[in-house]
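Listed here are the chains, written in short residue letters.
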Amino acid sequence: MNAVAEDTRKVVPFPSAAWFAELGDLMKANRARQEHLGYIDCSVAFTVTDGSADGLARHFRVVFEEFEAVDIAEVDAAGAASADFALAASGATWRAMIDSIAAGDGRPALTQTLNHLSHMGTPLALVAADPLKSDLYYRYNQSLQEFVNASHVFHTVYPTAR
């Protein structure tokens, strides 16, 4: 008789500031990986366009300095606009990427990467005030991908359907 292994990973809800904070903690714990990729200096608003219980957007601003996330908070639309750029998508798009990362043990399917999902502006939209701010996304893309890839370490749970 085969025993089913119990999942003992930490459970973290998405979308939430706690989810991004957990990623920040993992980034700090894996500094050597970040140093290999290179520094990252930008602020990013991760937006779930339908993330609230009433279907409105939720924004999570993450400030990166050198090799770690130094500030993580849920913010309003003005706080999101103050970031260098935003990555905005529906909860379903974020979930598909996060689930792909988990299924790939930290490596999403190529069609579920930040780069692929944002390439044509849909289903993930890159929002920036000017081309120089947009360039920060492309400059730090691999570091940002590694940031979200760390989500495979814990178990992400999602809100029940409305």
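Given the structure is predicted, the values throughout are model-derived calculations rather than measurements. (Residues numbered from 1 in each chain as written. Predicted model: local features only at pLDDT ≥ 70, side-chain atom pairs only at ≥ 80, totals over all residues. Heavy atoms only, no water.)

Asker: Where do I start with helix α6 (residues 131–139) in this structure?
Answerer: An α-helical turn contains 3.6 residues, so a residue and the one three or four places further along point in the same direction. Three or more residues of α6 are buried, namely Ser134, Leu136 and Tyr137. Looking straight down α6, one finds its buried side chains confined to an arc of 145°; they lie on one side. Among the exposed residues of α6, those pointing more than 90 degrees away from its buried face are Pro131, Leu132 and Arg139. The inward-facing, buried residues of α6 abut β2 (42–48), β5 (85–89), α5 (114–118), β6 (125–128) and α7 (141–149). (Buried < 20%, exposed > 50% of the residue type's maximum accessible area, 1.4 Å probe, protein only. Helix = DSSP H or I, 4+ residues; strand = E, 2+ residues; numbered from the N terminus. Arc of directions from axis to C-beta. Contact = heavy atoms within 4.5 Å.)

Asker: Would you explain the pattern of salt bridges in this entry?
Answerer: Two side chains carrying opposite charge are able to pair once their charged atoms lie near each other. By the definition in use, this model includes 10 salt bridges. Among the salt bridges present, the one from Glu35 reaches Arg31, with a minimum N-O distance of 2.7 Å. Remark: Arg31 and Glu35 occur in helix α2 (residues 31–37); sequence separation between them is four residues, near one turn of the helix. Since its relative accessible area comes to 41%, Glu35 is described here as partly exposed. (Salt bridge = Lys/Arg side-chain N within 4 Å of Asp/Glu carboxyl O.)

Asker: Just to check I follow, could you spell out the nonpolar core for this structure?
Answerer: Within soluble globular proteins, side chains that are nonpolar generally end up buried alongside one another. Counting 35 residues, the largest nonpolar core has Phe46, Phe64, Trp94 and Phe147 as the members making the most contacts within it. When residues of this core are traced back to their parent elements, those giving at least two are α1 (17–29), β2, β3 (58–65), β5, α4 (91–103), α5, α6 and α7. When residues in this core are grouped by element, the largest group, five residues, is from α1. The contacts of Phe147, once residues within four sequence positions are left out, are Phe20, Leu23, Gly24, Met27, Phe46, Val62, Phe64 and Ala69. Counting residues in each nonpolar core, the second largest holds five residues, with Ala45, Ala80, Ala83 and Ala86 among its members. (Core = buried A, V, L, I, M, F, W, Y, C linked by side-chain atoms within 4.5 Å.)

Asker: Explain the packing of aromatic side chains here, please?
Answerer: Each aromatic ring pair is described using two quantities: the centre-to-centre distance and the angle formed by the ring planes. Tallied over the entire structure, the rule returns 14 aromatic pairs. With a centroid separation of 5.2 Å and 25° between ring planes, the pair formed by Phe20 and Phe60 is classed as stacked. In this pair, Phe20 sits in helix α1 while Phe60 sits in strand β3, placing the two residues 40 residues apart along the sequence. Both rings, one in Phe46 and one in Trp94, keep their centres 6.1 Å apart while their planes meet at 65°; by these two values the pair is edge-to-face. Remark: Trp94 occurs in helix α4 and Phe46 occurs in strand β2; sequence separation between them is 48 residues. What makes Phe46 buried here is its relative accessible area of 1%. When the ring centre of Tyr140 is taken as origin, the NZ or CZ atom of Arg139, which lies over that ring, is 5.9 Å away. (Phe/Tyr/Trp six-rings, centres within 6.5 Å; stacked < 30°, edge-to-face > 60°. Lys NZ or Arg CZ within 6 Å of the ring centre and 35° of its normal.)

Asker: How should the pairing of β2 be read in this particular structure?
Answerer: Taking burial as the measure, the seven residues of β2 include seven buried ones, the bulk of the element. Burial along β2 is two-sided: the residues Cys42, Val44, Phe46 and Val48 and Ser43, Ala45 and Thr47 are all buried. As paired elements, β2 and β3 share seven bridges and run antiparallel to each other. Note on β3: the bridge partner recorded for Thr47 is His59. Pairing analysis gives five bridges linking β2 to β5, with the strands arranged parallel. Residue pairing for β5: Phe46 is matched across the bridge by Leu87. (Pairing = 2+ DSSP bridges.)

Geometric values such as these leave the question of function open.
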